[in-house]
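So you can see what is in the structure, the chains are spelled out below.
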Amino acid sequence: MFGLQNSWVVLGSKAVDVSDADEIQFKMLNLNSDDDAQVRGHQRVPSDTKEFHEATKRDALIRLRKDLDNLLETAEDAKRPNHQKEMCGFEALYHRFLQEDGPSVEWDRIEKLPADAVKDYSSLKTPQESEIHAMLDKLVVVKLNGGLGTSMGCHGPKSVIPVRHDLTFLDLTVQQIEHLNKTYNANVPLVLMNSFNTDEDTEKVIRKYKGFQVQIYTFNQSCYPRISRDSLLPVAKDFSIENDIEAWYPPGHGDFYLSFQNSGLLKKFISEGREYCFLSNIDNLGATVDINILNRLLGSDRQGSKPIEFVMEVTDKTRADVKGGTLIQYENKLRLLEIAQVPKEHVDDFKSVKTFKFFNTNNIWARLESIERVLDAHSMDMEVIVNNKTLDNGMRVIQLETAVGAAMKCFDGGIGINVPRSRFLPVKKTSDLLLVMSNLYSLKYGSLVMSPQRMFPTTPLVKLGDNHFSKVKEFLGRFANIPDLIELDHLTVSGDVTFGRGVSLRGTVIIIANHGDRIDIPAGAILENKIVSGNMRILDH
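Residues numbered from 1 in each chain as written. Predicted model: local features only at pLDDT ≥ 70, side-chain atom pairs only at ≥ 80, totals over all residues. Heavy atoms only, no water.

## Structural notes on the pattern of salt bridges
Then, number 1: Taken as a whole, this structure holds 25 salt bridges when the rule is applied.
Then, number 2: Several salt bridges converge on common partners, so that one network encompasses Glu309, Lys333, Arg373 and Asp412. (Salt bridge = Lys/Arg side-chain N within 4 Å of Asp/Glu carboxyl O.)

Here is the structure:
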């Protein structure tokens, strides 16, 4: 059977099994029914099923190469060399998609994590201030900036959504790095990995940082053609991407390594004496440069003669994180295990907080020379994520993607570091935005710091109804100002609900407006361990 029988769909942050993989496999088996002479010329009677499958895979690859050659013929001369590099990457990804036979992990072969595989953050040593400048000059900060703000009702790159005091994700990132550079007289560059969706807008925005003490570089991740679920061939007809934008996609953040190399920046930073990159999602407001982790990699806390090539920051799994990727030991190497790779009969084991205590924050530290070595050896082997989409015209397509953390198994001497929860503060929904805009946090040099008034370090669990709160503009219109959340544990809001000025929410608060009803929480209200339901509307008179 083809690898698709155990492929998966990724929608947002969720991964689910592909239920109709057999249909995709059927398409694969019928690829050589076309009239194409080059393919039809393979006259063979397979002696067994395996040989038939192998022959069909070869046919699929031949067809793809022909289609890619035709696409490249339509590219502008000046852009063709870059497009050729990208299509080589796409062909390699497609080839792996054809080759994957069943699950990438056999459950019974997962080994117990070695005692020293995941270091506790508290065991890391703080460097002397005199050491920090030299370490920072060997660092590059990379932010994944390919996503749009459409899921939160915003136009353009997600990184330009205001999150606090009218400062955007990008503003806060630049402030953080400028503060580092000024404090330690360093020159840490900021690199943004854009996609074709965000590049033009980002280039306009970063002009305003010209006077800041931060060098900003950008590069584009690859632009790959979506493939038809029916033919398993590209739906794009030419390289006029802007004229048929639905036919193309950015192939996930696992594309970072190859695109970074293709951009020339990897070689540039190595030649400058840079040694490590710190990579994270731009919407994770907790992902700041950590001097203690840097000290373990480059400073007085470095241990052993061999360098650490790859660090994945993990944090303690809670019931809210049971679907997040985790670290496992497999074939004598640390690697990332995602829920999509788990056989159905073991999903409950995967979700167990006792069995798998950590989950991946997607904060990654990687050695630049090691990235170059793995890429040059063509051994960057990441699991292929099969993401099903339906275009506006009803066409069903497939996107082939990879995840940046999946590369961990390709490096030598990788470790996990169990970091405080404060280093994982993603803003994916307006419920996350409510937390970061509230008095739970204060802003210090672009970094969010939890209020000392908060009794415990965990953030409240907040669930806001999609129908009335999912879009940023609508969400902001429902709060006269952001409530006091210092003592909040859990908030659920559903239906047509508004909040007056100076509201305080404490303990567990559940507010549910019935369909057709509205609830107005009055100004100055203090709700502590309360359930509010029905209709409570304040009318002017």
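## Concerning helix H6 (residues 169-184)
Because each turn of an α-helix spans 3.6 residues, side chains separated by three or four positions in sequence point in the same direction.
Then, number 1: Between its terminal C-alpha atoms H6 stretches 23 Å, which fits the 22 Å expected from 16 residues at 1.5 Å a residue.
Then, number 2: Looking one or two places after H6, you find asparagine 185, whose phi comes out positive at around 50°. (Helix = DSSP H or I, 4+ residues; strand = E, 2+ residues; numbered from the N terminus. Expected span 1.5 Å × (residues − 1).)

## Remarks on the sheet that holds strand S16 (residues 358-367)
Then, number 1: Ordered by their spatial adjacency, eight strands build an open sheet running S3-S19-S13-S16-S12-S4-S7-S8, and the pairing between neighbours is mixed. In the strand order of this sheet, the two ends are held by strand S3 (118-120) and strand S8 (216-220), each with one partner. Strand-to-strand twist across the sheet, computed as the mean angle between neighbouring axes with direction ignored, equals 25°.
Then, number 2: Of the pairings in the sheet, the one linking strand S7 (residues 190-194) to S8 comprises five bridges and is parallel in character. Looking at S8, one finds that methionine 193 is bridged to phenylalanine 219.
Then, number 3: The sheet strands contacting helix H12 (residues 368-376) are strand S4 (139-145), strand S12 (276-281) and S16, and the helix crosses S16 at an angle near 90°. (Pairing = 2+ DSSP bridges. Axes fitted to C-alpha atoms, helices over the stretch in contact; angles between N-to-C directions. Contact = heavy atoms within 4.5 Å.)

## Things to note about the packing of aromatic side chains
Then, number 1: Using the criterion set out here, one finds 21 aromatic pairs in the structure.
Then, number 2: Both rings, one in tyrosine 94 and one in phenylalanine 97, keep their centres 5.7 Å apart while their planes meet at 55°; by these two values the pair is tilted. Remark: phenylalanine 97 and tyrosine 94 occur in helix H4 (residues 80-99); sequence separation between them is three residues, near one turn of the helix. Both residues of the pair, tyrosine 94 and phenylalanine 97, count as buried.
Then, number 3: Ring centres of tyrosine 257 and phenylalanine 411 lie 6.3 Å apart, and the angle between their planes is 45°; on these two criteria the pair is classed as tilted. Of the two residues, tyrosine 257 sits in helix H8 (residues 256-262) while phenylalanine 411 sits in the loop between strand S18 (396-401) and strand S19 (414-418), which places them 154 residues apart along the sequence.
Then, number 4: On the basis of relative accessibility, which here comes to 1%, the residue tyrosine 257 falls in the buried class.
Then, number 5: Using a relative accessible area of 2% as the deciding quantity, one classes phenylalanine 411 as buried.
Then, number 6: Here a set of aromatic residues connected by ring pairs shows up, and it is made of Tyr217, Phe219, Phe256, Tyr257, Phe260, Phe269, Phe310 and Phe411. (Phe/Tyr/Trp six-rings, centres within 6.5 Å; stacked < 30°, edge-to-face > 60°. Buried < 20%, exposed > 50% of the residue type's maximum accessible area, 1.4 Å probe, protein only.)

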